[in-house]
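These are the residues of each chain, in order.
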Amino acid sequence: MTTHTTGHAADVATPLNIWALSACISVDDLDACTDWYAHYLGMEPAQSHTVPEIGARIAYLEGHGLRLELVEQYGAQRAPERPDPPDHGTVQGLSQITFYVTDLAAVRDYARRERLTVAMDVATLPQLGVSAFFLRDPEGNLIEFIELGERPQDRGSTRAAGGAP
């Protein structure tokens, strides 16, 4: 993979003042998915709304300093089935939501103990400095958990010494 750096990102960062990233997942059963994310991932329902003008119900869940939106909309079409990793990128569009964790083995053990649907067991990609593990929510959406490690290019950097990525 080639990374192109133009300097444009630095020019845009200050005026946009972006401070967080959120995701919205369209689901068939809002109540069941809200319960699943709360029970298994510790995301607490923060708000819910019905929007009759568009035939939708929306729930916002918060936890771990993050915010997730779930939407159930009348007449929504099911997306094409996404293959398990590592082939999940063969269907274009958002492929997964990702949580960064400090102990991936503990997440894997928890998922097994709770009998959650594992889409891919732990895989380590030393060239990226990550280990990853994938689950599926009750509707088949992929959830990735990543534990950061040391990337070869970071040896001796502040990131390798515990600094920010």
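See the structure shown above.
Just so we're clear, the structure is a prediction, and the values are computed from it rather than from any experiment.

Attention shifts here to the overall build of the protein. A tally of helices and strands in the protein yields three helices and eight strands. When its helices and strands are written in sequence order, the protein yields α-β-α-β-β-β-β-α-β-β-β. Partitioning the contacts of the protein with sequence separation of at least 6, the portion at a separation of at least 24 is 45%. In the form shown here, the protein has an accessible surface area of approximately 11100 Å², with 52% of it arising from carbon and sulfur atoms.

Glancing now at the pattern of salt bridges. Using the criterion set out here, one finds six salt bridges in the structure. For Asp84, the salt bridge identified is with Arg136, shortest N-O distance 2.9 Å. Placement of the pair is Asp84 in the loop between strand S4 (66-73) and strand S5 (97-100) and Arg136 in strand S7 (residues 130-136), with a sequence separation of 52 residues. Accessibility expressed as a relative area gives 14% for Arg136, which makes it buried. Linking Asp109 and Arg108 is a salt bridge whose minimum nitrogen-to-oxygen distance equals 3.5 Å.

To continue, consider the sheet that holds strand S1 (residues 23-26). The strand order S1-S4-S3-S2 describes an open sheet built from four strands, whose pairing is mixed. The two strands at the open ends of the sheet, each matched to only one other strand, are S1 and strand S2 (44-51). On average, adjacent strands in this sheet sit at an angle of 20 degrees to one another, irrespective of strand direction. Pairing analysis gives four bridges linking S1 to S4, with the strands arranged parallel. Paired with Cys24 across the strands is Glu69, a residue of S4. Against the sheet, helix H2 (residues 30-41) contacts S1, S2, strand S3 (56-63) and S4, and its axis sits at roughly 5 degrees relative to S3.

Cut-off values and rules
Residues numbered from 1 in each chain as written. Predicted model: local features only at pLDDT ≥ 70, side-chain atom pairs only at ≥ 80, totals over all residues. Heavy atoms only, no water. Helix = DSSP H or I, 4+ residues; strand = E, 2+ residues; numbered from the N terminus. Contact = heavy atoms within 4.5 Å. Areas by Shrake-Rupley, 256 points an atom, 1.4 Å probe, with all protein chains shown as cover. Salt bridge = Lys/Arg side-chain N within 4 Å of Asp/Glu carboxyl O. Buried < 20%, exposed > 50% of the residue type's maximum accessible area, 1.4 Å probe, protein only. Pairing = 2+ DSSP bridges. Axes fitted to C-alpha atoms, helices over the stretch in contact; angles between N-to-C directions.

What is shown is where atoms sit, not what they do.
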